[in-house]
Amino acid sequence: MKIENSLTCLPEVPPHTELQFTVATEEDFDDIMAISQDIYGGLDYLPTRYQAWLQETNRTVILARKQGKVIALESVCVIDDGETMLVEGLRVAPQERGKGVARVLLRFCSQLVKLKYPEVKVSRLTRDDKLGPKDFQKYRLITKQGILLVRFRAEDLKLRLTDLGLNVSIEGDGLAPSSTPVRLEAAEVHQLFLSSDAMQDVLPNGTIVQDWQPFKPMPSNMEILLKKDIDWMVDDTCCPTMVSLCTFPFHVPIGDDWYYLNIDMFGKDLALAVQQLLCHLRCHTSTLKGYVMCQVFLDPPLWKPMADFFRETLKVELVKEYTEQCVVESDLV
């Protein structure tokens, strides 16, 4: 069902009265991709997730149109037992950027969510740009992680991992056999993340940040997460000190033989982080042929030693220096 509204229907009327809004459909895919060229440096996740987004009952994908043409997209997803609106996927056509379209679109999405879900209290999003004083006037910082982005040829990494074997040391300290990473089944994930007090100490500000999506550990959110293809890993199923969530590789627009791999890591132990990283890489690159962009999110103090490990031990290329993933929120009014 399409929803069409002009800005004259909204309480505060900005100057963009020529915009119309519609709910995105499968038929809009090509138009959306047309305004998304070169977004995220060719690492756009939306081509592989758009169809799934349209099927999520708690998500609405809204398009802004100008003279009938798609010029912007925003997605809003209701999480945290209906208390939080998660905003993601923003994109604006190049010729419309800097004109306030994103602000108007977000305002419309917020009002639409409030009509459908009156219990929603906050709007939450993740950003990877540096936050300034004006941002902190609008948002509260929930947590942040360092972003480590590397690229490699899958075949080269497989050879390197074979040469390394299982005996990898960090700064001269061997990794203890007793801390062998453990993959979790769905039932174990549910139990561990909802009932373990220790997990609250591992998660940054008690938040599960999975592939840019921040969730509070509660049953409704775990149902959302467990529907995804995620490789869940811990160092100990009773009292974990390191947790990692890895997506399965997916294609990105940068090239036909390019893949993207996303690993979210929680904890402060470098040796355990390296051990789980290697386990994920061995598992998810073993059958790949081509190039991989791997993005690792981790506790900021671990960024430099992990970057050194990638460069010096795994012999892979660091794409950019330190950046941060910041989870922020504001009250929804």
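Residues numbered from 1 in each chain as written. Predicted model: local features only at pLDDT ≥ 70, side-chain atom pairs only at ≥ 80, totals over all residues. Heavy atoms only, no water.

Another aspect to go through is the pattern of salt bridges. A full pass over the atoms with the stated rule returns 23 salt bridges. Where Glu155 meets Arg153, a salt bridge forms, and the shortest distance between an N and an O atom there is 3.8 Å. You can call Glu155 partly exposed: its relative accessible area is 23%. Judged by relative accessible area, which is 35%, Arg153 ranks as partly exposed. We note a salt bridge from Asp308 to Arg311, for which the minimum N-O separation is 3.1 Å. Placement of both Asp308 and Arg311 in helix α10 (residues 303–313) is noted, with a separation of 3 residues, approximately one turn of the helix. According to the relative accessible area criterion, Asp308 is buried, its value standing at 18%. Through salt bridges with shared partners, a single ionic network connects Asp80, Arg124, Arg140, Glu329 and Asp331. (Salt bridge = Lys/Arg side-chain N within 4 Å of Asp/Glu carboxyl O. Buried < 20%, exposed > 50% of the residue type's maximum accessible area, 1.4 Å probe, protein only. Helix = DSSP H or I, 4+ residues; strand = E, 2+ residues; numbered from the N terminus.)

Attention shifts here to the pairing of strand β16 (residues 291–298). Within β16, 7 of the 8 residues are buried, which leaves it mostly tucked inside the rest of the structure. Where strand β15 (residues 258–267) and β16 come together, 7 bridges link them in parallel fashion. When the bridges of β16 are listed, Ile263 appears paired with Val296. Where the polypeptide runs from β15 across helix α9 (residues 270–285) and back to β16, its parallel neighbour, the crossover connection is right-handed. (Pairing = 2+ DSSP bridges. Right-handed = clockwise from strand over helix to strand, strands pointing away.)

When the UniProt feature table is mapped onto this chain numbering, "domain: N-acetyltransferase" (unreviewed entry) sits at residues 19–154. Secondary structure content for residues 19–154 is 29% helix and 39% strand, and the end C-alpha separation is 45 Å. (UniProt positions renumbered as here; feature names shortened; annotations may be inferred.)

Running from N to C, helix α6 (residues 186–195) and helix α8 (residues 219–226) point in directions that differ by 145 degrees, and their axes come no closer than 11 Å. The handedness of the crossing between α6 and α8 comes out as right-handed. Along its contact with α6, which presents Ala186, Val189, His190, Phe193 and Leu194, the element α8 presents Pro219, Met222 and Leu226. Grouping the constituent residues of the contact of α6 with α8 by class yields 7 nonpolar, 1 polar and no charged. (Axes fitted to C-alpha atoms, helices over the stretch in contact; angles between N-to-C directions. Left-handed = near helix turned anticlockwise from the far one by under 90°. Contact = heavy atoms within 4.5 Å. Nonpolar A, V, L, I, M, F, W, Y, C, P; charged D, E, K, R; others polar.)

Assigned domains within the protein: domain 1 (19–120) and domain 2 (143–328). The distance between the C-alpha centroids of domain 1 and domain 2 comes to 28 Å. Taken together, the contacts link 15 residues of domain 1 with 18 residues of domain 2. Contact with domain 2 buries surface across domain 1, with Leu43, Arg49 and Asp80 losing the most and accounting together for 39% of the total. Between the two partners, domain 1 and domain 2, sit 1 salt bridge. (Domains from an automatic or database assignment. Buried area = accessible area lost by both parts, 1.4 Å probe.)

Next up on the list: the side chain of Gln213. As for its position among the elements, Gln213 is in strand β11 (residues 213–215). Separated by 2.7 Å, the side chains of Gln213 and Glu88 make a polar contact. Excluding anything up to four places from it in sequence, Gln213 contacts Arg59, Leu86, Glu88, Ile208 and Lys228. (Polar contact = N/O pair within 3.5 Å; in protein donor to acceptor, adjacent residues only side chain to side chain.)

Within the structure shown, the criterion is met by 9 aromatic pairs. Ring centres 5.1 Å apart and planes at 45 degrees place the aromatic pair Phe250 and Tyr260 in the tilted group. You can see Phe250 sitting in strand β14 (residues 250–251) and its partner Tyr260 sitting in strand β15, a full 10 residues away along the chain. Phe250 gets classed as buried once you look at its relative accessible area, which sits at 11%. Through a chain of ring-to-ring contacts, three or more aromatic side chains come together here, namely Tyr40, Tyr45 and Trp53. Its end group placed over the ring of Trp53, Arg59 keeps NZ or CZ at 4.2 Å from the ring centre. (Phe/Tyr/Trp six-rings, centres within 6.5 Å; stacked < 30°, edge-to-face > 60°. Lys NZ or Arg CZ within 6 Å of the ring centre and 35° of its normal.)

With that settled, the discussion passes to the packing of α9 against α10. Where α9 meets α10, the closest approach of the two axes is 11 Å, and the angle between their N-to-C directions is 45 degrees. The pairing of α9 with α10 is recorded here as oblique in orientation. You can see that α9 and α10 cross each other, and the crossing is right-handed. When α9 is examined against α10, the residues Leu270, Ala273, Val274, Leu277, Leu278 and Leu281 are found in contact with a partner set consisting of Pro305, Met306, Phe309 and Phe310. Taken together, the residues of the contact of α9 with α10 sort by class into 10 nonpolar, no polar and no charged. (Parallel < 35°, antiparallel > 145°, perpendicular 65-115°, else oblique.)

With that out of the way, let us pick up unusual backbone geometry. Backbone geometry places Gln67, a non-glycine residue, at a positive phi of 55 degrees. One non-glycine residue with positive phi stands out, namely Asp81, at about 55 degrees. Structurally, the position occupied by Asp81 is in the loop between β3 (69–79) and β4 (84–92).

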